[in-house]
Amino acid sequence: MGEMIKLGVVLMLVALIAAVALGLVNSQTAPIIAVQQEMAKQEAMSRVALNLVQDGDSPAFDSIAVEGLENPYASADELLSVVRVTNDAHPEGIGFVFVAYGKGYSSTIQTMVAVDSDGIIAGTTILYQSETPGLGANIEQPARLITHLDGLDAPDCMLTKDGGRIDSMTGCTITSRAVVNSIREGLEAMESAGLFDDAGMVGWQVDPPPEQDESIEEAPAASDSTMEETPDVGAVSEGGSL
Amino acid sequence: MSLAKDLSNGIYRENPVFKLALGMCPFLAVTTSVENALGMGAAATFVLVCSNFLVSLFRNLIPSKVRIPCYIVIIATFVTLVDMVMNAYLPDLHKSLGIFIPLIVVNCIILGRAEGFANRNPVLSSLADGIGMGAGFTLAMVILASFRELLGNGTWLNMSVLGQSYSSQPLLIAILSPGAFILLAFILGFFNVLENRKGGGR
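What counts, and where the lines are drawn
Residues numbered from 1 in each chain as written. Chains lettered and ligands numbered in written order. Predicted model: local features only at pLDDT ≥ 70, side-chain atom pairs only at ≥ 80, totals over all residues. Heavy atoms only, no water. Axes fitted to C-alpha atoms, helices over the stretch in contact; angles between N-to-C directions. Helix = DSSP H or I, 4+ residues; strand = E, 2+ residues; numbered from the N terminus. Parallel < 35°, antiparallel > 145°, perpendicular 65-115°, else oblique. Left-handed = near helix turned anticlockwise from the far one by under 90°. Nonpolar A, V, L, I, M, F, W, Y, C, P; charged D, E, K, R; others polar. Contact = heavy atoms within 4.5 Å. Buried area = accessible area lost by both parts, 1.4 Å probe. Salt bridge = Lys/Arg side-chain N within 4 Å of Asp/Glu carboxyl O. Polar contact = N/O pair within 3.5 Å; in protein donor to acceptor, adjacent residues only side chain to side chain. Buried < 20%, exposed > 50% of the residue type's maximum accessible area, 1.4 Å probe, protein only. Pairing = 2+ DSSP bridges. Phe/Tyr/Trp six-rings, centres within 6.5 Å; stacked < 30°, edge-to-face > 60°. Arc of directions from axis to C-beta. Core = buried A, V, L, I, M, F, W, Y, C linked by side-chain atoms within 4.5 Å.

Asker: So what about the packing of helix α3 (residues 34–57) of chain B against helix α7 (residues 123–153) of chain B? Which residues, and what values?
Answerer: Residue and element names in this part refer to chain B. Two numbers describe how α3 lies on α7: the axes approach to 8 Å, and their chain directions differ by 165°. For the element pair α3 / α7, the angle class is roughly antiparallel. For α3 against α7, the interelement crossing comes out right-handed. Considered class by class, the residues forming the contact of α3 with α7 number 19 nonpolar, nine polar and three charged.

Asker: Now, about the interface of chain A and chain B: what can you tell me, with residues and values included?
Answerer: In this complex, chain A contributes 23 residues to the contact, which on the side of chain B involves 23 residues. Interface of chain A and chain B: buried area, both sides summed, is about 2,200 Å²; carbon and sulfur atoms make up 78% of it. Counting the contacts that link chain A with chain B gives one salt bridge. Lys65(B) is the salt-bridge partner of Glu3(A), the closest N and O atoms lying 3.1 Å from each other. Run the count over chain A and chain B and you get two residue pairs in polar contact (both at pLDDT 80 or more).

Asker: So, the pairing of strand β3 (residues 95–103) of chain A: which residues are in play, and what are the values?
Answerer: All names here are of chain A. Taken across its nine residues, β3 has eight buried, putting it largely inside the fold. Pairing analysis gives four bridges linking strand β2 (residues 82–86) to β3, with the strands arranged antiparallel. From the neighbouring strand, Val82 faces β3, where its bridge partner is Phe98. Strand direction decides the pairing type here: β3 and strand β4 (residues 108–116), joined by nine bridges, are antiparallel. If you follow Val99 over to β4, its bridge partner there is Met112.

Asker: Talk me through the packing of aromatic side chains; I want residue IDs and the actual numbers.
Answerer: Scanning the model with the defined rule gives six aromatic pairs over all chains in all. Residues Tyr73(A) and Tyr101(A) carry aromatic rings whose centres are separated by 5.7 Å and whose planes lie at 70° to one another, so their mutual orientation is edge-to-face. Taken together, the residues Tyr73(A) in the loop between β1 (60–64) and β2 and Tyr101(A) in strand β3 connect sequence positions 28 residues apart. Since its relative accessible area comes to 15%, Tyr101(A) is described here as buried. Measuring from centroid to centroid gives 4.6 Å for Phe18(B) and Phe191(B), while their planes differ by 25°, and the two rings are stacked.

Asker: Break down the sheet that holds β3(A) for me, with residues and values.
Answerer: All names here are of chain A. The strand order across the open sheet formed by five strands is β1-β2-β3-β4-β5, and the pairing between neighbours is antiparallel. Of all strands in the sheet, those bounded by a partner on one side alone are β1 and β5 (121–128). If you compare each strand with its neighbour and ignore which way they point, the axes differ by 25° on average. Inspection of the sheet shows β1 paired to β2 by five bridges, in the antiparallel sense. The residue of β2 that forms the bridge with Phe61 is Val85. Across the sheet, helix α1 (residues 2–48) touches β1, β2, β3, β4 and β5, and the angle it forms with β5 is around 155°.

Asker: An account of the side chain of Asn107(B) is needed here, citing residue identities and associated values.
Answerer: Residue and element names in this part refer to chain B. Note that Asn107 resides in the loop between α5 (91–97) and α6 (108–116). Classification of Asn107 by relative accessible area gives buried; the value is 2%. Those residues in contact with Asn107, other than ones at most four positions away along the chain, are Gly23, Pro26, Met40, Ala44 and Phe137.

Asker: Which residues make up unusual backbone geometry, and what values go with them?
Answerer: Even without being glycine, Asp77(A) reaches a positive phi, approximately 60°. If you trace the backbone, Asp77(A) turns up in the loop between β1 and β2. In this structure, Leu157(B) is a non-glycine residue whose phi angle is positive, near 50°. Secondary-structure assignment places Leu157(B) in the loop between β1 (155–156) and β2 (159–160).

Asker: Mind laying out the side chain of Asp129(B), listing which residues take part and the relevant values?
Answerer: Within the secondary structure layout, Asp129(B) lies in helix α7. Apart from the residues within four sequence positions on either side, Asp129(B) is in contact with Asp6(B), Asn52(B), Arg113(B) and Phe117(B).

Asker: Would you mind going over helix α1 (residues 3–13) of chain B in detail, with residue names and values included?
Answerer: Residues and elements named next belong to chain B. Looking only at α1, the buried set comprises Asp6, Asn9 and Gly10. Seen from one end, α1 has its buried residues packed into an arc of 80°, which puts them on one side. On its buried face, α1 sits against α7.

Asker: Break down the pattern of salt bridges for me, with residues and values.
Answerer: According to the stated counting rule, one finds nine salt bridges over all chains in the structure shown. Salt bridges here are not isolated pairs; linked through shared partners, they connect Glu14(B), Arg113(B) and Asp129(B).

Asker: With reference to specific residues and values, describe the nonpolar core.
Answerer: In this structure, Phe18(B), Phe27(B), Val47(B), Ile104(B), Phe137(B) and Met141(B) are the most contacted members of the largest nonpolar core, which totals 49 residues. For this core, the secondary-structure elements that each account for two or more residues are α1 of chain A together with α2 (24–30), α3, α4 (67–89), α6, α7 and α9 (177–197) of chain B. Among the elements that make up this core, the one with the highest residue count is α4(B) (ten residues). Ranked by size, the runner-up nonpolar core spans 48 residues in total, among them Val99(A), Ile121(A), Met169(A) and Ala178(A).

What follows is the structure, encoded as structure tokens:
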């Protein structure tokens, strides 16, 4: 009995010292981490919005509440929030920035997207992903999928094999589809809420997006879907639902 | 044992991966690129040295019946500290290593060395052992990662080696999980052949 108390006291002391050390370090680092994440967010917004503004012009960002905006990311437990981009010449706004959440192969991929006021993608950057290193994780690398999104509108923002205009990356169709579909869902929600000017959206009416979920089931047969796919094809259908 | 011997022990004679077959989970999981292997190796080495130091320092104070929980608390504390400090002061490095750092807690090399070496050896030897084992682990990961990145992506440390024509149609299996097992078997076989050649192979 006496020994058990002694062992318990030792364990408690060890845990106490560890907890105090962690608490002290956390109280020091938490504010720095928060500041850094905020800075990283600002920096990412400035980066994706680069194509919206003229050279040397600095855009301003303010979060806006949009009436009638449906949240397409409920299945990922995330909320679509829209930030309006303005500059001195156009205080009424030159475009929007939002974060798209798509369920990829092994993580929920967060993509920050800038669109102009016509709903055309002007820039994208991956904020977070933890996909397979060497395969899906390559989505962040320059000249891969995300750089081909600029200039597309919602109907085109879909993988070629699903009827859109973006080639998926070899070996990571799930990752590619998650990013592309999450962006399109965000764009469609913003369009439905009437955020975009109609002038630039002619193609929207003429060429409705072929967004049946059935197209997803064909995926495993497609040429460049490889081993990464097979265990987990069912997970994709969540990404396709609006 | 001399310090130099403690240091070199982990690099070849008792290489944690190739000879002791410890730490296989992170070893197979993160060796998809040389960059990942170096990062994981560096982080694991840091935690290994710190935990060896503390375990050795308090080896006479911790009752043997509760030593394993104590070691785990020590290791987990260091891993969390590394995670928080790196996130605050080296955000870029943290971003590229972020997913590997929590994995270090379950790296059995660290618990294995705390249990197998540091709790019965003096502080300096334990430090040397930690550095040696960490270097051995890093070396082993870089070897496997070199094969996997070269065959599976045509690059080494993100530099193109085998040319664009190879990179567009690489031997993809090398970078996927089955490739890790297959290549590991070849490497282990190679080390066994070496051992047998020297004679006295068990």
